[in-house]
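Remarks on the overall topology
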Amino acid sequence: MPENQSTDPDTAHFNNWPNNQGFDGNHEQKTPVELTVTGHIPSYAAGLLYRTGPGRYKVDTEKGNTFQVSHWFDGFSQTHRFQLIPPPPASPGSGMRVLYNSRFSTDELIEHACTTGSLAGNFSFSGVRDPCKALYQKAQVTYEPLNGGPSSKNIGVTLSVNFPGMPPASEPTGKQEPNAGSQPANAIKTLHAKTDNSSFKQLDPETLEPIGLADQTALHPDLNGPLSASHAKADPETGDIYNYNLSFAPIPTYRVFHVSATTGETTILATFPGTPSYLHSFFLTKNYVIICVWNAHLSPEGFAKGSYMAALREFDDSLPAKWYVVDRRHGNGLVATYESPAFFCFHIINAWEEMKTNPDDQSQSQIDIVAECAAYKNTDILKRLYYEYLSSNSPAAHPAVEARNNGGRTQSQIARHRLPGLAIPTGSPLSAPAISTATAVASSSKESPAVPVPVPVPAPGPTAVSHPPTRTAMLESTSCSHLSPDLPILNPFYITRPHRYTYAPIDRGLSTFVDGLMKFDSLTSEVKIWSEHAQSPGEAIFVPDPEGEDEDDGVLLSVVLDGFSGNSYLLVLDARGMKEVGRASVHGVVAFGFHGLHVSTTGVGRAGGRDF
């Protein structure tokens, strides 16, 4: 396959294909259709691949004009479902079948924009709402612009199956009949969409219909702040879930919490004050949750203007990034804080612990935490993600690419930090808290009666009245800056363990959007690239080969827009050689989205994506 690894393309070689189609996807396929499959998709990839992200961003209004949102993060959410069905045992050579369906999850929000020509009153990433609104309202008030059902709320950045502790919504409508020969992943009981606040939107796992809304107070009454990470983290052994909740009043406060996959009970592990920041993800190791408050600092007053961008402070590289290390196994709360040079990040890659043994005195043995992420020098990338820059037919598109190559101000790199000298954790394992009689309500598009459910109310979690002494986190290495990788992923069986290979979409400046997929070998620094002219891939999902012995035994699943045909396809790459082994073609555009997860037909396993 043709590859172009140029890191400084001139305009004569600029691949100006019509990838703007991928930013205004109006194609919706509510009834599953079978896709044309070419090549060979291995049987172990059978299951369900979900994708989510913005679909369309323009709406024709009743007044005759066109309303559009301005930032990619504000596009109207759409969910996609690929069902990969292996051949029956009687016909093993017949090959994999692939069914596809999709649905917008914001019908009420789109209708509101159509009838009013505005989304005034809606909190968004870059939009405007009524500045007279109270600043410190609860999350469900701040983030619910319409008095409607689940499709009135734009939630669609990440997806989770069987999120523990969430109250059930009412039964979904429009249930599909099972497809002949299909093998659905019966272990999927619930599907929730999440975003960078404390809200959840429940979707029907088959029809993708929005059926319920909730927020983190359904997990614990103290999780009443408006902000949280889209990327919750799952313990790879237990399935327990971790995240943080950020409140602003009376002072900005982070609460790190744990949800038991077995009981659904929620425990607050640590509570501490900190600078509010836009934190899309965080780190998890065997014993710790690590919240890195990188330099996307937020002004609480800015939220009165209705968006993250209005609240985002100017990047100040004189201020350090702050790292907070929370013990997640022994109830010791906040055990360490670190500082490192300023940076910005959307996505972490992985983190793990390394034992530093003192042969002369075992009591002096310590732990280092190694943390990898896709880091940026500043927050300029947030400004590049406006539709006027992303759309390749925009006059601003070429200057945006030139700006990208001007000093690398919007380029990312793989950054490895080391947090040294942690004491080996001690203490008794955390015990399950008792269940109280408190109740929570899951709203439903059917306006069904509120369903009381038990909510765990444990004793208050460990609270840091003052921070532990702050130490220095070292930036140990950087890699791949010439490729500007993001949306990184690895073999999920290596989460919280040292890993060798990182996979990610790359941006070499050959288009106004991503132009390839990479495999980076951190041991040899070798890079392998899949790239074809006019093909725009999305985030790759790693599906391990259950019979494989090496870390890169498996396939990558990525949804790609073909700039020539204007249609999308599900690409299947051999993860070792980065060569195509198969594809399933969609007769329409699957809009450029954010994230997804794969669920095996044999149950919900770690072949599910980067995190939870």
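Residues numbered from 1 in each chain as written. Predicted model: local features only at pLDDT ≥ 70, side-chain atom pairs only at ≥ 80, totals over all residues. Heavy atoms only, no water.

**Topic: the side chain of Ser568**
Here Ser568 shows up in strand 32 (residues 568-574). For Ser568, the side chain forms a polar contact with the main-chain nitrogen of Val590, separated by 2.9 Å. With sequence-adjacent residues up to four places away left out, Ser568 is seen in contact with Val559, Val560, Leu561, Ser585, Val586, Gly588, Val589 and Val590. (Helix = DSSP H or I, 4+ residues; strand = E, 2+ residues; numbered from the N terminus. Polar contact = N/O pair within 3.5 Å; in protein donor to acceptor, adjacent residues only side chain to side chain. Contact = heavy atoms within 4.5 Å.)

**Side note on the sheet that holds strand 7 (residues 97-104)**
Taken in spatial order, the five strands line up as 1-7-6-3-34 in an open sheet, and their pairing is antiparallel. Edge strands, defined here as strands with exactly one partner in the open sheet, are strand 1 (33-34) and strand 34 (595-600). (Pairing = 2+ DSSP bridges.)

**Details of the packing of aromatic side chains**
According to the stated counting rule, one finds 25 aromatic pairs in the structure shown. Ring geometry for Tyr278 versus Tyr308: centroids 5.1 Å apart, planes at 55°, classification tilted. Of the two residues, Tyr278 is situated in the loop between strand 16 (266-273) and strand 17 (283-284) and Tyr308 in helix 3 (residues 308-311); the sequence distance between them amounts to 30 residues. On the accessibility criterion, Tyr308 (8% relative accessible area) is buried. In textbook terms, an aromatic cluster arises when at least three aromatic residues are bridged by ring pairs, as seen for Trp72, Phe73, Phe125, Tyr278, Tyr308, Phe344, Phe346, Tyr376, Phe513, Phe592 and Phe594. (Phe/Tyr/Trp six-rings, centres within 6.5 Å; stacked < 30°, edge-to-face > 60°. Buried < 20%, exposed > 50% of the residue type's maximum accessible area, 1.4 Å probe, protein only.)

**Here we look at a negative patch on the surface**
On the surface, a cluster of negative charge is contributed by Glu28, Glu62, Asp107 and Glu111. Checked against the element boundaries, Asp107 lands in helix 1 (residues 107-116). (Patch = residues over 30% accessible without salt bridge, like charges linked within 9 Å, V, L, I, M, F, W, Y side chains within 5 Å. Areas by Shrake-Rupley, 256 points an atom, 1.4 Å probe, with all protein chains shown as cover. Salt bridge = Lys/Arg side-chain N within 4 Å of Asp/Glu carboxyl O. Lys, Arg positive; Asp, Glu negative; His and termini not counted. Charge placed at Lys NZ, Arg CZ, Asp CG, Glu CD.)

**Concerning the confidence of the model for the protein chain**
For the protein chain, per-residue confidence averages 82 on the pLDDT scale, and residues scoring 70 or more make up 78% of the total. Contacts for the low-pLDDT stretch residues 171-185, under 50 throughout, to residues beyond four places or in other chains number 36 contacts. Overall, residues 432-461 carries pLDDT values under 50, and its contacts beyond four positions in sequence, including any with other chains, amount to 67 contacts. (pLDDT = per-residue confidence, 0-100.)

**Here we look at the environment of Leu319**
Topologically, Leu319 is positioned in the loop between helix 3 and strand 19 (321-327). Leu319 gets classed as partly exposed once you look at its relative accessible area, which sits at 37%. Along the primary structure Leu319 and Ala342 are separated by 23 residues, whereas in three dimensions their C-alpha atoms are 6.2 Å apart. Those residues in contact with Leu319 that sit more than four places away from it in its chain are Asn295, His297 and Ala342.

**Observations regarding unusual backbone geometry**
Cis geometry marks the peptide bond from Ala249 to Pro250; its omega dihedral reads 0°. Despite not being glycine, Ser484 has its phi angle at roughly 45°, a positive value. For Ser484, the position within the fold is in the loop between strand 25 (474-479) and strand 26 (501-506). Assessed through its relative accessible area of 8%, Ser484 is described here as buried. At Ala534, a position not held by glycine, the phi torsion is positive, near 70°. Looking at where Ala534 falls in the secondary structure, it is placed in the loop between strand 28 (527-530) and strand 29 (535-537). Taking relative accessible area as the criterion, Ala534 reaches 0% and is therefore assigned buried.

**Regarding helix 1**
Burial in helix 1 covers these residues: Leu109, Ile110, Ala113 and Cys114. Down the axis of helix 1, the smallest arc covering the buried residues is 140°, so these residues share one side. Against the buried residues of helix 1 lie strand 4 (58-60), strand 5 (66-68) and strand 7. Within two residues after helix 1, Gly117 carries a phi angle of roughly 70°, on the positive side. (Arc of directions from axis to C-beta.)

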